[in-house]
Amino acid sequence: MRILAIGDIVASCGREYIYNNLGRIRSRYNIDFCIANGENTATTNGITPEIANSLIDSGVDVITLGNHTFSNKAVYNVLDDNRRVIRPINYPPETIGVGTVIEDLGYTRIAVINAMGRVNMEPIDCPFRTVEKELERIKDKADITVIDFHAETSSEKLAFGNFFDGKVNAIFGTHTHIQTADEQILPSGTGYISDVGMTGVMDSVLGVKKEIITEMYYTRRRYRFEKAEGVVWFNGIVFDIDHKTGTVNSVERLRFSRIPE
Ligand SMILES: [Fe+2]
Ligand SMILES: [Fe+2]
(Lines give C-alpha, C1' and ligand atoms only; values in the text may rest on other atoms or scores of the structure.)
(Ligands and ions follow the chains in the order given, each with its own letter.)
Protein backbone atom coordinates (compact mmCIF):
# COMPACT_ATOMS: atom_id res chain seq x y z
CA MET A 1 0.00 0.00 0.00
CA ARG A 2 1.07 3.54 -0.61
CA ILE A 3 0.72 6.13 2.14
CA LEU A 4 1.07 9.83 1.39
CA ALA A 5 1.98 12.21 4.22
CA ILE A 6 1.58 15.94 3.66
CA GLY A 7 3.37 18.40 5.96
CA ASP A 8 1.84 21.54 7.46
CA ILE A 9 -0.80 22.98 5.09
CA VAL A 10 -0.62 26.74 5.53
CA ALA A 11 -3.60 29.13 5.32
CA SER A 12 -6.05 29.65 2.47
CA CYS A 13 -3.46 29.31 -0.33
CA GLY A 14 -2.29 25.94 1.01
CA ARG A 15 -5.86 24.77 1.62
CA GLU A 16 -7.02 25.72 -1.86
CA TYR A 17 -4.07 23.88 -3.36
CA ILE A 18 -5.07 20.70 -1.54
CA TYR A 19 -8.79 21.11 -2.37
CA ASN A 20 -7.95 21.55 -6.07
CA ASN A 21 -5.09 19.09 -6.52
CA LEU A 22 -5.13 16.26 -3.98
CA GLY A 23 -7.38 14.02 -6.09
CA ARG A 24 -4.94 14.22 -9.01
CA ILE A 25 -1.91 13.77 -6.74
CA ARG A 26 -3.50 10.68 -5.20
CA SER A 27 -4.05 9.09 -8.60
CA ARG A 28 -0.68 10.20 -10.03
CA TYR A 29 1.15 8.43 -7.15
CA ASN A 30 -1.36 5.57 -6.62
CA ILE A 31 -2.08 6.62 -3.05
CA ASP A 32 -4.20 4.35 -0.82
CA PHE A 33 -4.13 6.44 2.34
CA CYS A 34 -3.37 10.09 3.02
CA ILE A 35 -2.34 11.86 6.25
CA ALA A 36 -1.96 15.66 6.42
CA ASN A 37 -0.86 18.05 9.12
CA GLY A 38 -3.59 20.67 9.54
CA GLU A 39 -2.24 22.81 12.42
CA ASN A 40 -1.87 25.92 10.23
CA THR A 41 -4.85 25.53 7.93
CA ALA A 42 -7.03 28.22 9.54
CA THR A 43 -6.01 31.79 8.79
CA THR A 44 -5.35 32.33 12.51
CA ASN A 45 -3.55 28.94 12.69
CA GLY A 46 -5.29 25.90 14.13
CA ILE A 47 -8.22 24.29 12.32
CA THR A 48 -12.02 24.69 12.08
CA PRO A 49 -14.77 22.08 11.48
CA GLU A 50 -15.39 23.44 7.95
CA ILE A 51 -11.72 23.16 7.00
CA ALA A 52 -11.40 19.66 8.47
CA ASN A 53 -14.44 18.51 6.50
CA SER A 54 -13.19 20.09 3.27
CA LEU A 55 -9.77 18.44 3.63
CA ILE A 56 -11.41 15.07 4.22
CA ASP A 57 -13.72 15.60 1.23
CA SER A 58 -10.63 16.38 -0.87
CA GLY A 59 -9.01 13.03 -0.02
CA VAL A 60 -7.24 13.42 3.32
CA ASP A 61 -7.96 10.36 5.49
CA VAL A 62 -6.43 11.56 8.78
CA ILE A 63 -5.52 15.08 9.94
CA THR A 64 -2.78 15.58 12.52
CA LEU A 65 -2.05 18.75 14.50
CA GLY A 66 0.80 20.23 16.56
CA ASN A 67 1.71 23.17 18.77
CA HIS A 68 -1.00 25.26 17.06
CA THR A 69 -3.73 22.74 17.96
CA PHE A 70 -5.46 25.23 20.28
CA SER A 71 -4.73 28.45 18.33
CA ASN A 72 -8.34 28.53 17.13
CA LYS A 73 -11.17 27.84 19.59
CA ALA A 74 -13.13 26.03 16.89
CA VAL A 75 -10.75 23.10 17.38
CA TYR A 76 -12.80 21.98 20.40
CA ASN A 77 -15.69 21.11 18.08
CA VAL A 78 -13.32 19.42 15.64
CA LEU A 79 -11.72 17.22 18.30
CA ASP A 80 -15.12 16.41 19.82
CA ASP A 81 -16.89 15.55 16.57
CA ASN A 82 -14.34 14.33 14.07
CA ARG A 83 -12.50 11.15 14.98
CA ARG A 84 -10.23 11.52 11.97
CA VAL A 85 -8.60 14.62 13.47
CA ILE A 86 -5.99 13.89 16.14
CA ARG A 87 -3.74 16.09 18.30
CA PRO A 88 -0.33 15.32 19.84
CA ILE A 89 -0.73 12.35 22.16
CA ASN A 90 1.71 13.69 24.76
CA TYR A 91 -0.47 16.60 25.85
CA PRO A 92 -1.59 15.96 29.44
CA PRO A 93 -4.11 13.09 29.63
CA GLU A 94 -6.93 15.52 30.56
CA THR A 95 -6.62 17.40 27.23
CA ILE A 96 -9.60 16.98 24.91
CA GLY A 97 -9.22 14.87 21.79
CA VAL A 98 -7.03 11.84 21.20
CA GLY A 99 -3.58 11.26 19.77
CA THR A 100 -4.25 8.07 17.82
CA VAL A 101 -6.76 6.96 15.24
CA ILE A 102 -7.04 3.46 13.76
CA GLU A 103 -8.66 3.15 10.34
CA ASP A 104 -9.82 -0.27 9.14
CA LEU A 105 -9.38 -0.40 5.36
CA GLY A 106 -10.66 -3.97 5.15
CA TYR A 107 -7.36 -5.46 3.98
CA THR A 108 -5.36 -3.76 6.75
CA ARG A 109 -5.79 -1.65 9.87
CA ILE A 110 -3.68 1.46 9.94
CA ALA A 111 -2.90 3.41 13.11
CA VAL A 112 -1.83 7.04 12.90
CA ILE A 113 -0.24 8.57 15.98
CA ASN A 114 0.53 12.27 16.40
CA ALA A 115 3.27 13.22 18.88
CA MET A 116 5.16 16.41 19.65
CA GLY A 117 8.79 17.13 20.50
CA ARG A 118 10.05 19.09 23.51
CA VAL A 119 13.14 20.92 22.23
CA ASN A 120 12.25 24.62 21.67
CA MET A 121 8.59 23.65 22.07
CA GLU A 122 6.05 24.09 24.85
CA PRO A 123 6.54 21.88 27.92
CA ILE A 124 4.65 18.65 27.37
CA ASP A 125 4.85 15.03 28.48
CA CYS A 126 7.70 12.85 27.18
CA PRO A 127 6.97 11.82 23.57
CA PHE A 128 9.19 8.74 23.80
CA ARG A 129 7.51 7.24 26.87
CA THR A 130 4.00 8.28 25.83
CA VAL A 131 4.30 6.71 22.38
CA GLU A 132 6.01 3.61 23.81
CA LYS A 133 3.00 3.10 26.08
CA GLU A 134 0.56 3.77 23.25
CA LEU A 135 2.22 1.17 20.98
CA GLU A 136 1.77 -1.37 23.75
CA ARG A 137 -1.94 -0.43 24.02
CA ILE A 138 -2.65 -0.76 20.28
CA LYS A 139 -0.38 -3.70 19.48
CA ASP A 140 -3.24 -6.10 18.64
CA LYS A 141 -5.48 -3.44 17.15
CA ALA A 142 -3.43 -2.23 14.16
CA ASP A 143 -1.33 -3.80 11.39
CA ILE A 144 0.48 -0.71 10.10
CA THR A 145 1.54 2.22 12.31
CA VAL A 146 2.60 5.67 11.12
CA ILE A 147 3.68 8.58 13.34
CA ASP A 148 3.64 12.32 12.66
CA PHE A 149 6.36 13.66 14.99
CA HIS A 150 5.81 17.40 15.22
CA ALA A 151 9.10 18.85 16.45
CA GLU A 152 11.62 21.62 15.91
CA THR A 153 15.05 20.05 15.79
CA SER A 154 16.34 17.37 13.44
CA SER A 155 18.37 15.88 16.32
CA GLU A 156 15.30 15.19 18.47
CA LYS A 157 13.45 13.90 15.40
CA LEU A 158 16.21 11.54 14.35
CA ALA A 159 16.61 10.29 17.93
CA PHE A 160 12.85 9.64 18.02
CA GLY A 161 13.07 7.91 14.62
CA ASN A 162 15.83 5.62 15.79
CA PHE A 163 14.14 4.92 19.11
CA PHE A 164 11.05 3.62 17.29
CA ASP A 165 12.93 2.09 14.33
CA GLY A 166 11.54 -1.40 13.75
CA LYS A 167 8.61 -0.75 16.11
CA VAL A 168 6.47 1.26 13.65
CA ASN A 169 6.33 1.30 9.84
CA ALA A 170 6.87 4.98 9.14
CA ILE A 171 7.72 8.23 10.92
CA PHE A 172 7.54 11.64 9.29
CA GLY A 173 8.42 14.97 10.88
CA THR A 174 6.41 18.17 10.63
CA HIS A 175 6.49 21.73 12.12
CA THR A 176 9.52 23.47 10.57
CA HIS A 177 7.74 23.94 7.20
CA ILE A 178 11.09 23.18 5.52
CA GLN A 179 11.56 19.86 3.79
CA THR A 180 14.65 17.85 4.71
CA ALA A 181 16.47 15.65 2.20
CA ASP A 182 17.12 12.78 4.62
CA GLU A 183 14.32 10.42 3.60
CA GLN A 184 15.46 6.87 4.24
CA ILE A 185 14.65 3.41 5.49
CA LEU A 186 16.23 3.20 8.94
CA PRO A 187 18.37 0.11 9.79
CA SER A 188 15.50 -1.85 11.37
CA GLY A 189 13.11 -1.03 8.53
CA THR A 190 11.13 2.09 9.49
CA GLY A 191 10.52 4.63 6.71
CA TYR A 192 11.65 8.06 7.89
CA ILE A 193 12.03 11.76 7.05
CA SER A 194 12.94 14.51 9.53
CA ASP A 195 10.50 17.03 8.02
CA VAL A 196 8.07 16.78 5.14
CA GLY A 197 7.94 20.56 4.62
CA MET A 198 4.85 22.71 4.14
CA THR A 199 2.19 23.08 1.51
CA GLY A 200 2.05 26.85 1.29
CA VAL A 201 3.36 29.90 -0.52
CA MET A 202 6.90 29.33 -1.81
CA ASP A 203 8.07 32.93 -1.63
CA SER A 204 7.48 33.35 2.10
CA VAL A 205 8.95 32.47 5.49
CA LEU A 206 6.85 29.63 6.97
CA GLY A 207 3.93 30.72 4.76
CA VAL A 208 3.94 34.19 6.38
CA LYS A 209 4.78 37.36 4.41
CA LYS A 210 8.58 37.29 4.35
CA GLU A 211 8.92 41.06 4.94
CA ILE A 212 7.17 40.71 8.32
CA ILE A 213 9.37 37.86 9.56
CA THR A 214 12.53 39.49 8.26
CA GLU A 215 11.64 42.77 10.00
CA MET A 216 10.88 40.86 13.18
CA TYR A 217 14.32 39.29 13.26
CA TYR A 218 16.01 42.55 12.27
CA THR A 219 14.32 44.72 14.90
CA ARG A 220 13.34 42.09 17.50
CA ARG A 221 9.91 43.74 17.72
CA ARG A 222 6.72 41.67 17.67
CA TYR A 223 4.62 41.95 14.53
CA ARG A 224 1.20 40.70 13.56
CA PHE A 225 1.74 37.86 11.12
CA GLU A 226 -0.01 38.07 7.75
CA LYS A 227 -0.18 35.07 5.49
CA ALA A 228 1.73 35.32 2.21
CA GLU A 229 0.06 35.00 -1.17
CA GLY A 230 1.47 33.62 -4.38
CA VAL A 231 2.57 30.38 -5.98
CA VAL A 232 2.13 27.38 -3.68
CA TRP A 233 4.35 24.36 -3.50
CA PHE A 234 3.34 20.94 -2.34
CA ASN A 235 5.68 19.03 -0.01
CA GLY A 236 4.96 15.43 0.82
CA ILE A 237 6.35 11.95 1.23
CA VAL A 238 5.16 8.58 -0.06
CA PHE A 239 5.82 5.41 1.92
CA ASP A 240 5.38 2.25 -0.13
CA ILE A 241 4.64 -0.52 2.38
CA ASP A 242 3.85 -4.21 1.91
CA HIS A 243 0.69 -4.33 4.01
CA LYS A 244 0.99 -8.09 4.55
CA THR A 245 4.52 -8.08 5.98
CA GLY A 246 4.86 -4.43 7.02
CA THR A 247 8.07 -4.11 4.99
CA VAL A 248 8.79 -0.61 3.73
CA ASN A 249 9.78 -0.92 0.06
CA SER A 250 10.54 2.72 -0.63
CA VAL A 251 10.33 6.26 0.68
CA GLU A 252 9.79 8.91 -2.00
CA ARG A 253 9.97 12.61 -1.29
CA LEU A 254 7.62 14.90 -3.24
CA ARG A 255 8.15 18.61 -3.82
CA PHE A 256 6.50 20.46 -6.67
CA SER A 257 4.14 23.20 -7.57
CA ARG A 258 2.77 21.76 -10.79
CA ILE A 259 2.00 18.03 -10.51
CA PRO A 260 4.62 16.09 -12.54
CA GLU A 261 3.30 14.24 -15.64
FE1 LIG B 1 4.03 23.58 14.52
FE1 LIG C 1 3.24 24.45 11.35
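Here the focus is the nonpolar core. Counting residues in hydrophobic clusters, the biggest one holds 67 residues, and the most contacted among them are I3, V112, V146, I147, I171 and I237. Not counting residues up to four positions away in its chain, the partners in contact with I171 are I147, F149, F160, G161, F164, T190 and Y192.

Let us look at the environment of I25. Along the chain, the position of I25 falls in helix α1 (residues 11-28). Along the backbone, I25 and G59 are 34 residues apart, and their C-alpha atoms lie at a distance of 9.8 Å.

Annotation of the protein at the domain level lists domain 1 (2-199 + 234-253) and domain 2 (202-230). Distance from the C-alpha centre of domain 1 to the C-alpha centre of domain 2: 26 Å. In this assembly, eight residues from domain 1 lie in contact with four residues from domain 2.

Pairing of strand β11 (residues 232-241) with strand β12 (residues 248-256) involves eight bridges; the strand directions are antiparallel. For G236, the partnering residue across the bridge sits in β12 and is L254. The turn joining β11 and β12, which pair antiparallel and follow one another in sequence, is formed by six residues; a positive phi near 85° is taken by G246.

Once that is clear, we can look at the sheet that holds strand β4 (residues 100-104). Strand order across the open sheet formed by six strands is β4-β5-β6-β7-β9-β8, with mixed pairing between neighbours. Both outer strands of the open sheet, β4 and β8 (184-185), are each paired with one neighbouring strand and no more. As defined by bridge partners, strand β7 (residues 170-174) adjoins strand β9 (residues 191-193) across three bridges and the pair is classed as parallel. Residue A170 lies in a different strand from β9, and its bridge partner there is G191. Docked against the sheet, helix α4 (residues 127-138) engages β4, β5 (109-116) and β6 (144-150), running at close to 165° with respect to β5.

Residues other than glycine seldom take positive phi values, yet A11 does so here, at roughly 55°. On the secondary structure map, A11 appears in helix α1. A11 sits in the buried class, given 25 other C-beta atoms within 10 Å.

The rules behind each value
Residues numbered from 1 in each chain as written. Chains lettered and ligands numbered in written order. Predicted model: local features only at pLDDT ≥ 70, side-chain atom pairs only at ≥ 80, totals over all residues. Core = buried A, V, L, I, M, F, W, Y, C linked by C-beta atoms within 7 Å. Buried ≥ 20, exposed ≤ 12 C-beta atoms within 10 Å, placed from the backbone. Contact = placed C-beta atoms within 7 Å. Helix = DSSP H or I, 4+ residues; strand = E, 2+ residues; numbered from the N terminus. Domains from an automatic or database assignment. Pairing = 2+ DSSP bridges. Axes fitted to C-alpha atoms, helices over the stretch in contact; angles between N-to-C directions.

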